Amino acid sequence: MQHHVLFNLFAIFGVATAVIVICKFLKIRYIIGYLITGVLLSPNTSRYFADMEEVDVYAEIGIILLLFTVGLEFSFSNLKRIKNYVLIGGASQVFFTIVLTASLIWVLMRPSLEESIFWGFLYALSSTAIVVKVMQDTNKITTPHGKFVLAILLFQDIMIVPLMLFTPILAGAGETSTAEALLWLLGKLILMGGIAYLLARFIIPFFLKTVMKIQSQEVFLIATVFIVTGVALLTEKLGLSLALGAFIAGLIIAETEYNRMAISCFLPFRYVFMSFFFISMGMLLDYQIFTTDFGWIVFWFFFALIVKAIAGILAVKVMKLDWKTALAVGFSIAQIGEFSFVLAQSGLEYELISKNNYQIFLAVSILLMSVTPFIVAKAEKIQPTFAKLTRTKGHV
């Protein structure tokens, strides 16, 4: 009997435990520990995981589970309270980031227009997992800039779906024209929307009600996992993504009367899901990229930080809020998001990004995620510091 998968899980979580304990002692955020764990276990670092395709499978499982928890906790009532921030502020931030990134990269590097726009897609997303966790730990989630950051992150979580679906169209995949591809995509989304409505309105509530007659939390948990995998596989059959299906499954269950029970069941597993995702992302990084392309990594690190901060600041100023809030928001979201990794893998598949640039992107993303907890914790002090420096220079 083979225990291959069991040994892999043993190695992943064993190393993760040791690394997290060390990170906790050194006061380093746990997410950074997960990324370090991934780098240590990467096929490029050790021979334990020799098959890169196996790593990709682990990453996809992590993505599916992470998107399900995002959908499960997606609250339309919370969204309604900050709808202007979400719709106007969030849309402005994504638009400004894509335009600024695509324009600057096209001018500086002269790639194709499609590649430039795709880089804009990658930069448009920020890390919901890291930013929200830090703001919760520092009690900043209810501050003026905290509400705006949350709104932008919510909008980005919604935008990941169309960005993922638009990537193959941007790459010109298939024999149909862009217009036909868009219409075909729209048709698939409408069909999936209709199926999701039927599932949410009739089938899943009846199914869960029947399951709950047994009055067993264990059976409910198993039934929920069955729903997630079923909806995910359905979306894949329609030519969409497994991750989209997982997100829709989360939304559907969140709209039932059993949403609180689902959240209570899955909440203990949430950080396991997240750890699995970040570890798998770290496993995709080749550490040797730091020796071969260190200069480019430094350049793109500051490029991403500055461009994303500017786009966030502009989005806040569109809403006519003060500079203190604008600077706090801009720098709080100035990192690459976890779902950008998903997009990057899709771009690699459709040749919108080279393998070397993909590794540079992973390195830059991990570095930005590493400094994000410090930046978010100090975000409110950025504007007063700038003002103090300006006054000091004025007196000189």
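Residues numbered from 1 in each chain as written. Predicted model: local features only at pLDDT ≥ 70, side-chain atom pairs only at ≥ 80, totals over all residues. Heavy atoms only, no water.

Let us now look at the overall build of the protein chain. Scanning the protein chain for helices and strands turns up 18 helices and 0 strands. Across the 396 residues that make up the protein chain, the buried fraction comes to 50%. A fraction of 79% describes how many contacts in the protein chain between residues 6 or more apart in sequence connect residues 24 or more apart. Per element, the accessible surface of the protein chain, about 19800 Å² overall, is 68% carbon and sulfur. (Helix = DSSP H or I, 4+ residues; strand = E, 2+ residues; numbered from the N terminus. Buried < 20%, exposed > 50% of the residue type's maximum accessible area, 1.4 Å probe, protein only. Contact = heavy atoms within 4.5 Å. Areas by Shrake-Rupley, 256 points an atom, 1.4 Å probe, with all protein chains shown as cover.)

Under the 1.5 Å per step criterion, the end-to-end length of helix α11 (residues 242-254) is 18 Å for 13 residues, consistent within 8% with the ideal 18 Å. Buried residues dominate α11, accounting for 12 of its 13 residues. Within the sequence span of α11, burial applies to L242, A243, L244, G245, A246, F247, I248, A249, G250, I252, I253 and A254. (Expected span 1.5 Å × (residues − 1).)

With 90% of its residues at a pLDDT of 70 or more, the protein chain has an overall mean of 83. Here helix α4 (residues 76-81) stands out as the element of the protein chain with the lowest mean pLDDT, 61, in contrast to helix α14 (residues 294-318), whose mean of 95 is the highest. (pLDDT = per-residue confidence, 0-100.)

By the definition in use, this model includes 2 cavities of 30 Å³ or more. For the lining of the largest cavity, the element with the most residues is helix α7 (residues 128-137), which contributes 4 residues. (1 Å grid on protein atoms, 1.4 Å probe; cavity = no way out; pocket = protein on both sides within 12 Å on 5 of 7 lines; lining within 4 Å. Points joined across faces, edges and corners; volume = space filled by probe spheres on them.)

Below, the discussion takes up the side chain of T97. For T97, the position within the fold is in helix α5 (residues 83-109). A distance of 2.6 Å separates a polar side-chain atom of T97 from the backbone oxygen of Q93. (Polar contact = N/O pair within 3.5 Å; in protein donor to acceptor, adjacent residues only side chain to side chain.)

The final tally for this structure, using the stated rule, is 16 aromatic pairs. Aromatic ring contacts, followed pair by pair, group W119, Y123, W296, F299, W300, F303, F341 and F361 into a single cluster. One residue, R110, lies across the ring of W106, its end atom 4.1 Å from the ring centre. (Phe/Tyr/Trp six-rings, centres within 6.5 Å; stacked < 30°, edge-to-face > 60°. Lys NZ or Arg CZ within 6 Å of the ring centre and 35° of its normal.)

Across all of its chains, the model carries 1 salt bridge by this definition. With a shortest N-O distance of 2.8 Å, K140 and E380 are connected by a salt bridge. Pair noted here: K140 is in the loop between α7 and α8 (144-170) and E380 is in the loop between α17 (355-377) and α18 (382-395), with a separation of 240 residues, a long-range link. We classify K140 as buried; its relative accessible area is 11%. Given the relative accessible area of 27%, E380 is considered partly exposed. (Salt bridge = Lys/Arg side-chain N within 4 Å of Asp/Glu carboxyl O.)

Now for the packing of α5 against helix α6 (residues 113-124). Taken N-terminus to C-terminus, the directions of α5 and α6 make an angle of 140°; their axes are 8 Å apart at the nearest point. In terms of axis orientation, α5 runs oblique to α6. Note that α5 runs across α6; the crossing there is right-handed. Of the residues in α6, those touching α5 at Q93, V94, T97, I98, T101, A102, I105 and W106 are L113, S116, I117, W119, G120, F121, Y123 and A124. For the contact of α5 with α6, the residue count by class is 11 nonpolar, 5 polar and no charged. (Axes fitted to C-alpha atoms, helices over the stretch in contact; angles between N-to-C directions. Parallel < 35°, antiparallel > 145°, perpendicular 65-115°, else oblique. Left-handed = near helix turned anticlockwise from the far one by under 90°. Nonpolar A, V, L, I, M, F, W, Y, C, P; charged D, E, K, R; others polar.)

With their axes 9 Å apart at the nearest point, α8 and helix α15 (residues 323-332) run at an angle of 40° to one another. In terms of their interaxial angle, α8 and α15 are classed as oblique. When the axes of α8 and α15 are compared, the crossing they make is right-handed. On α15, the residues touching P144, H145, F148, V149 and I152 of α8 are T325, A328, V329 and S332. Tallied by class, the residues present in the contact of α8 with α15 amount to 6 nonpolar, 3 polar and no charged.

Another point: unusual backbone geometry. One non-glycine residue with positive phi stands out, namely Q215, at about 55°. Here Q215 lies in the loop between α9 (178-212) and α10 (217-237). Relative accessible area serves as the criterion here: at 72%, Q215 is assigned to the exposed category. For K320, which is not glycine, the phi dihedral falls at a positive 60°. On the basis of relative accessibility, which here comes to 74%, the residue K320 falls in the exposed class.

Moving on to the environment of S241. Tracing the sequence through the fold places S241 in the loop between α10 and α11. Relative accessible area serves as the criterion here: at 17%, S241 is assigned to the buried category. With residues up to four places along the chain from it excluded, the contact list for S241 reads M164, A232, T235 and E236.

This part covers the nonpolar core. Nonpolar side chains in soluble globular proteins generally cluster together in the buried interior. Within the largest apolar cluster, 120 residues are counted, with the highest numbers of intra-cluster contacts made by F68, L122, Y123, F277, F278, F339 and L343. If we ignore the near neighbours within four places in the chain, the residues touching F278 are I31, Y34, L35, A129, E338 and M369. (Core = buried A, V, L, I, M, F, W, Y, C linked by side-chain atoms within 4.5 Å.)

Turning to a nonpolar patch on the surface, a few remarks are in order. There is a patch of nonpolar side chains on the surface, built from F294, V298, F302, I306, I310 and L314 and spanning about 530 Å² of accessible area. Along the chain, the position of I310 falls in helix α14. (Patch = residues over 30% accessible without salt bridge, like charges linked within 9 Å, V, L, I, M, F, W, Y side chains within 5 Å.)

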